[in-house]
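# Coordinate analysis (summary)
So you can see what is in the structure, the chains are spelled out below.
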Amino acid sequence: MTEDELVDSYILDHIDTESEYLHNLYRQTNLHLLYGRMASGHIQGRLLKMLVKMARPKNILEIGTYSGYSALCLAEGLDDDGWLHTIEINDEQEDFTRPWFNNSPYGKRIDFKIGDALKLVPEMGMTFDFVFIDADKRHYVEYYEMVMNYLIPGGFIVADNTLWDGHVLEKDENDAQTLGIMRFNDRVAADNRVEKVIVPIRDGLTIIRKKNNQE
C-alpha cells in the first residue's frame, strides 16, 4: 500500500463506519456507472454529514448529484425539518439515482431535479443556507456567482475537487476542466464577500462562508 492508502486505512479505522446502504450504493456506482470515483466515498461523506450537523441548514442545494452518495450523506445530517434540493444535468443518470433516494430513510427530505442548475435555481424562488458544488468544473465560477445570489449571509458553500489531483499546479492551458478549477480558486481567493479555506481531503474540498453585512 502507498502512504496515502495507509493513511486512508488508518482514518477508516477511527471514524464512524459506513452504513450498509451507502456501502452498497458505492459498490453499485462503481459496477454500473462510468467514472465511479466521482462518488464522494466514505471519508468525504462523513465530513459532509458532519458539516451539515454543525451548520444546521434548513435548505441545502447540491449541484451535481451523480449516483446520489453525497446527497444521502448531506440529507443524513439534516434536522427533521430540513430539505435537500439536488440537481443533476445528465438525464441518463435519473434511472440509476432516483430509486436510491426513494428507498433510503431520507427520501422524503430530498428534492431531486434533472436539468441545468444555472437555469433551475433562479426559477426555484428560494434561498439556501448550505450549497455543495460537485459538477462540471468548467462552470464552477458561474455556479459560484449564481449561488451567491441565493445564499443567506452566514451560509456555506462547499466545493469539491478544488485541488484536482494536483493538476492545479501544472497550469495546463489545454485542459478546460483544470482551467475551470483554477479560475474558481482564484475567484474565491480574491472575493472579500467570503471567508474560505481549502481542506486537502481526497481531491481538495473548499469550504466557503458568506460574510454577514456587518463583517
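Below you will find a few notes about this structure. It should be emphasised that the depicted structure is a prediction, and the values quoted were computed from it without experimental measurement. (Residues numbered from 1 in each chain as written. Predicted model: local features only at pLDDT ≥ 70, side-chain atom pairs only at ≥ 80, totals over all residues. Heavy atoms only, no water.)

This next bit is on the overall build of the protein chain. A tally of regular secondary structure across the protein chain gives 8 helices and 7 strands. Computed over its C-alpha atoms, the radius of gyration of the protein chain comes to 17 Å, within 12% of the 17 Å expected for a compact globule of 215 residues. Projecting the C-alpha coordinates of the protein chain onto the three principal axes gives extents of approximately 45 × 40 × 35 Å. Looking at the 215 residues of the protein chain, the share that counts as buried comes to 47%. A separation of at least 24 residues holds for 71% of the contacts in the protein chain among residues at least 6 apart in sequence. For the protein chain, the exposed area adds up to about 11,500 Å²; of that, 51% sits on carbon and sulfur atoms. (Helix = DSSP H or I, 4+ residues; strand = E, 2+ residues; numbered from the N terminus. Rg over C-alpha atoms; globule rule 2.2 N^0.38 Å. Buried < 20%, exposed > 50% of the residue type's maximum accessible area, 1.4 Å probe, protein only. Contact = heavy atoms within 4.5 Å. Areas by Shrake-Rupley, 256 points an atom, 1.4 Å probe, with all protein chains shown as cover.)

Below, the discussion takes up the packing of helix H2 (residues 20–32) against helix H5 (residues 94–102). Contact geometry of H2 with H5 gives a least axis separation of 12 Å together with a crossing angle of 175 degrees. Between H2 and H5, the interaxial angle falls into the category roughly antiparallel. Mapping the contact onto sequence places Tyr21, Asn24, Leu25, Gln28, Thr29 and His32 in H2 and Phe96, Pro99 and Trp100 in H5. Looking at the contact of H2 with H5, its residues break down into 5 nonpolar, 4 polar and no charged. (Axes fitted to C-alpha atoms, helices over the stretch in contact; angles between N-to-C directions. Parallel < 35°, antiparallel > 145°, perpendicular 65-115°, else oblique. Nonpolar A, V, L, I, M, F, W, Y, C, P; charged D, E, K, R; others polar.)

This model, assessed by the stated rule, comprises 6 aromatic pairs. When the ring of Tyr26 is compared with that of Tyr69, the centres are 5.8 Å apart and the planes differ by 75 degrees; the resulting orientation is edge-to-face. In this pair, Tyr26 is assigned in helix H2 and Tyr69 in helix H4 (residues 69–77), connecting sequence segments 43 residues apart. Residue Tyr69 is classed as buried on the basis of its relative accessible area of 2%. Note on Tyr140 and Phe184: the rings are 5.3 Å apart at their centroids and 80 degrees apart in plane angle, and the pair reads as edge-to-face. You can see Tyr140 sitting in helix H7 (residues 140–148) and its partner Phe184 sitting in helix H8 (residues 176–189), a full 44 residues away along the chain. Exposure remark for Tyr140: the relative accessible area of 0% places this residue in the buried category. Among the aromatic residues, those joined into a ring-pair cluster are Tyr21, Phe96 and Trp100. (Phe/Tyr/Trp six-rings, centres within 6.5 Å; stacked < 30°, edge-to-face > 60°.)

Glancing now at the side chain of Glu62. With respect to the helices and strands, Glu62 occurs in strand E1 (residues 59–63). Put simply, Glu62 is tucked away with no salt bridge, and the nearest opposite charge, on Lys137, sits 10 Å away. Within the local environment of Glu62, its side chain forms a polar contact with the side chain of Ser70, the two groups lying 2.5 Å apart. Those residues in contact with Glu62 that sit more than four places away from it in its chain are Ser70, Ala71, Leu74, Leu84, His85, Thr86, Ile87 and Phe132. (Lys, Arg positive; Asp, Glu negative; His and termini not counted. Salt bridge = Lys/Arg side-chain N within 4 Å of Asp/Glu carboxyl O. Polar contact = N/O pair within 3.5 Å; in protein donor to acceptor, adjacent residues only side chain to side chain.)

In this structure, strand E6 (residues 194–199) lies alongside strand E7 (residues 205–210), joined through 6 bridges in antiparallel fashion. Residue pairing in the sheet places Val199 in a bridge with Leu205 of E7. The turn joining E6 and E7, which pair antiparallel and follow one another in sequence, is formed by 5 residues; a positive phi near 55 degrees is taken by Arg202. (Pairing = 2+ DSSP bridges.)

Working note: non-glycine residues mostly have negative phi, and peptide bonds are mostly trans. If you check the backbone angles, Trp164 has positive phi at about 50 degrees while not being a glycine. When you line up the elements, Trp164 lands in the loop between strand E5 (151–160) and H8. The class for Trp164 is buried, based on a relative accessible area of 19%. At Asp165, a position not held by glycine, the phi torsion is positive, near 55 degrees. Of note, Asp165 is situated in the loop between E5 and H8.

In total, this model carries 16 salt bridges according to the counting rule given. The residue Asp136 makes a salt bridge to Arg138 at a minimum N-O spacing of 2.6 Å. Residues Glu145 and Arg193 are paired through a salt bridge, measuring 3.1 Å at the closest nitrogen-oxygen approach. Of this pair, Glu145 sits in helix H7 while Arg193 sits in the loop between H8 and E6, placing them 48 residues apart in sequence. Judged by its relative accessible area of 26%, Glu145 is partly exposed. Through salt bridges with shared partners, a single network forms among Glu145, Arg187, Asp191 and Arg193.

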